[in-house]
Amino acid sequence: MNHPLISVSRRWALGLCVAAALPAWASGEPIVIGQVAPMTGPQGVTGRAMNAGAKLYFDSINAKGGVRGRPITLVTRDDAQNPVETVRLTKELIASSAPVAMISTVGTANLEALVKDGILAQRKVSMVGAVSGAASVAQADGMHVVKASYHDEVARLFTQLNQLGIKNVGLVYQDDGLGKDVLKGAEEAARKTGIELTAKTAYARNTIAVETSVSDMLKAKPQVVLLGATTAAAVEFVKQYNTAGGTATLYGMSIIDTEALLKALGPKGARGYAFSVVLPLAQETNRPVVREYLALRQASKDPNLSARSIEGYIAAKALVKALEGISNPTAATVTSALDSARSIDVGGYVLDFTQKNRTGSQYVDFAMFGADGKIVH
């Protein structure tokens, strides 16, 4: 009970002092997560999908009262997938908003630029859900990838193709760090399995200039063409290759947004297109994470939610699970928690961030578009 001799103004002042003395975790101050990713440009579809997936989960947590009573604020900047901008905007965001972690930056070259600059290591800020399966990213301190590596994908594919008696494979790859990592993985897998890479052809980064690649594959006539490409370039390759009468089975890497590809090509144009599966598919409702993701997605009106969004969702959930075990999260304490996280179960999909030089998961499977655009898994 307030003493009658204490004035209202004094009680107000005392209240201010108490509030000022409260630590962030007790005062309900927001937990800031940063994201620098392409919201525009050739890879805008991927950046927006990752952002939408992460936001979907963070919003669901905020609706339940946040993490230990603190809401999560996602601060986003658009780098248009320009590595120079990625570094500049990440530095700016860290300086202005002091995020406890970053999430879902897109692109091998962009993530490599952050590693080279050193800003994340200097400030002890971790990157959760780094959107690249390249070895250069997986091996970097503080980079936590929530899916299998590109080398894991290619090795599994070549092993399966070898078992099926397929011996000739062509590779189309983007001429940058992403594509060269896929190329290296393909060459290693070819040596181990005895498969011949009958043609290797690159196209310019962040373009859809795949005409030469189409011509090269038509001339080489491999049994399978592996696409180490981004979504827009993959769509264009499939269109041109099929129109020109190409007969090889087309396999796309996981970086290609299958939902966007199906929408662009239509069920008829996409039929027979095979692809790597490194994250739970929508039909895998035996996994709790898929059920909860689908329920939230159905209730959402966000047009940017796509097949790729579950990657951002899983990254956000993994980060929140780490935050839930920290009483007063800072960039340093979150980094420490993530580095020691051996088994983060996000709902039937388990991540291990303690393995140096490895991604958080090594799960790889394959699927294909069948009749009417249905996924055969």
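As a reminder, the structure under discussion sits directly above these lines.
The present account deals with the structure reproduced in this document. (Residues numbered from 1 in each chain as written. Predicted model: local features only at pLDDT ≥ 70, side-chain atom pairs only at ≥ 80, totals over all residues. Heavy atoms only, no water.)

Moving on to the sheet that holds strand 5 (residues 143–144). Taken in spatial order, the five strands line up as 2-1-3-4-5 in an open sheet, and their pairing is parallel. Single-partner strands in this sheet number two, and they are strand 2 (72–78) and strand 5. Sheet topology note: the strand 1 (residues 31–37)/strand 3 (residues 101–103) ladder contains two bridges and is parallel. Of the residues in strand 3, the one forming a bridge with Gly34 is Met102. (Pairing = 2+ DSSP bridges. Helix = DSSP H or I, 4+ residues; strand = E, 2+ residues; numbered from the N terminus.)

Now for the environment of Lys180. Looking at the secondary structure, you find Lys180 in helix 9 (residues 177–193). On the basis of relative accessible area, Lys180 is assigned to the partly exposed category, the value being 48%. Taking C-alpha positions, Lys180 is 9.0 Å from Gly228, a pair spaced 48 residues apart along the chain. In this structure, Lys180 is in contact with Tyr173, Gln174 and Asp175, ignoring residues within four places of it in sequence. (Buried < 20%, exposed > 50% of the residue type's maximum accessible area, 1.4 Å probe, protein only. Contact = heavy atoms within 4.5 Å.)

So, on to helix 3 (residues 44–63). Between the first and last C-alpha of helix 3 there are 28 Å, a value that for 20 residues agrees with the 28 Å anticipated at 1.5 Å per step. Immediately beyond the C-terminal end of helix 3, within one or two residues, lies Gly65, with a positive phi of roughly 110 degrees. (Expected span 1.5 Å × (residues − 1).)

Looking only at helix 10 (residues 211–220), the buried set comprises Ser213, Val214 and Met217. Summarising the axial view, the buried residues of helix 10 lie within an arc of 100 degrees, below the 170-degree limit, and thus occupy one face. In helix 10, the exposed positions angled more than 90 degrees off the buried face are occupied by Thr212 and Lys219. Residues of helix 10 that are buried sit in contact with strand 6 (168–175), strand 7 (196–204), strand 8 (224–228) and helix 11 (231–243). A positive backbone phi angle near 55 degrees is found at Lys221, which sits one or two residues after helix 10. (Arc of directions from axis to C-beta.)

Bringing the nonpolar core into the picture now. One finds Phe58, Phe158 and Phe237 to be the most contacted residues of the largest nonpolar core, which totals 115 residues. Counting residues per element, this core draws most heavily on helix 14 (residues 309–324), which supplies 10 residues. Among the nonpolar cores identified, the runner-up in size contains five residues, and Ala37, Met50, Val106 and Val131 belong to it. (Core = buried A, V, L, I, M, F, W, Y, C linked by side-chain atoms within 4.5 Å.)

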